[in-house]
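Structural overview for review
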Amino acid sequence: MRKINSLLALLSGVVLLVTVVACKPKPVPVSGITLDKPSLNLTVGESATLVATVAPATASNPAFSWSSSNPAVATVADGVVKAVSKGSSTVTVTTEDGGFTATCLVSVDNIHVTGISVSPSDDAMVKIGEELHLSANVTPDNAFDRSVVWSSSNNAIATVSDNGLVKGVSSGTAVITATANDGGQKASVNVTVPGLSLSATETSVYAGYSVILTAELIPGSASASTLSAECDNTAVATVSIDENGGIAILGVAEGTATVTVTATETGLTATCQVTVLANNGGGQFGEDDYGDFN
């Protein structure tokens, strides 16, 4: 009887072992992996997240790892891709079970200039021989290439250096422009070089005759209230400003003199060398040549 009981106990153990083995679930292998994006276009400094999906969803070991073919261009950690520098890189996700892979091509571009402005933005003024510094404001602040090229519409009036330093050359107005190397956006400002110019820098007149010169005042207009004049040799010639702003030079006696005209509001000056010829009374003279007889 004891032997029978022992045999029954042994048989029960075998049956239990077979039952446990038969109930253990069978491992589900990985059949593949996919990414939610086949490609990414980023600018330097930007980030994006990739989502990986393992198939089947019931896989026993769904673990996977990330890698980048060019970490100098783009890095990846836990699916977060960060753009480092311009170029391209392939981000790969690989399953631990079976070594299945999926890839995403990451293209990284620089941050480009979107706008430019010049400071000061209002019309500016610089005197002849003096300098004015302009600055270019490029946006965004983190643009990769923020360099600009400066140019002047008229170098005879005002020149501009590579760093925006404007120099007045002669009276007039020039347009100073800053152009972004990246994208070609432009911003400009009008720069006026104030000045005073006469209709003649040299003239001659017979004694007893007068010649009328006109003055151009930049900016503004020349008038009797904005001009004054003097002659360095009144024994040879005298000068006055008429009611219309004309500069009337009267020849007194043979010789030479210098007439200086001043813009009273700005202190700008212009000169005219006057030669007075002796009037021997030998003939009549045209008004265009010698002015009005006094």
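Let me begin by describing the structure that accompanies this report. These numbers were taken from a predicted model, which means no experiment stands behind them.

What follows covers the pairing of strand β26 (residues 255-263). In the sheet, strand β23 (residues 227-231) pairs with β26 via 5 bridges, with the strands oriented antiparallel. Opposite Ser228, over in β26, you have Thr262 as the bridge partner. Strand direction decides the pairing type here: β26 and strand β27 (residues 269-277), joined by 8 bridges, are antiparallel. Note that in β27 the partner of Thr256 across the bridge is Thr275. What sits between β26 and β27 in their antiparallel hairpin is a turn of 5 residues, with Gly267 showing a positive phi close to 80°.

It is worth spelling out unusual backbone geometry at this point. With an omega of 0°, the peptide bond running from Ser119 to Pro120 counts as cis. Counting through the fold element by element, Pro120 comes out in the loop between β10 (115-119) and β11 (124-125). The omega torsion of the bond from Thr139 to Pro140 falls at 0°, within 30 degrees of zero and hence cis. Locating Pro140 in the fold gives a position in the loop between β13 (135-139) and β14 (148-152). A positive phi angle is found at Asp78, which is not glycine, with a value near 55°. Structurally, the position occupied by Asp78 is in the loop between β6 (74-77) and β7 (80-83).

Across the sheet, 3 strands lie side by side as β21-β25-β24; this open sheet has antiparallel pairing. Single-partner strands in this sheet number two, and they are β21 (210-213) and β24 (237-241). Each strand axis lies, on average, 20° off the axis of its neighbour in the sheet, ignoring direction.

Conventions and cut-offs
- Residues numbered from 1 in each chain as written.
- Predicted model: local features only at pLDDT ≥ 70, side-chain atom pairs only at ≥ 80, totals over all residues.
- Heavy atoms only, no water.
- Pairing = 2+ DSSP bridges.
- Helix = DSSP H or I, 4+ residues; strand = E, 2+ residues; numbered from the N terminus.
- Axes fitted to C-alpha atoms, helices over the stretch in contact; angles between N-to-C directions.

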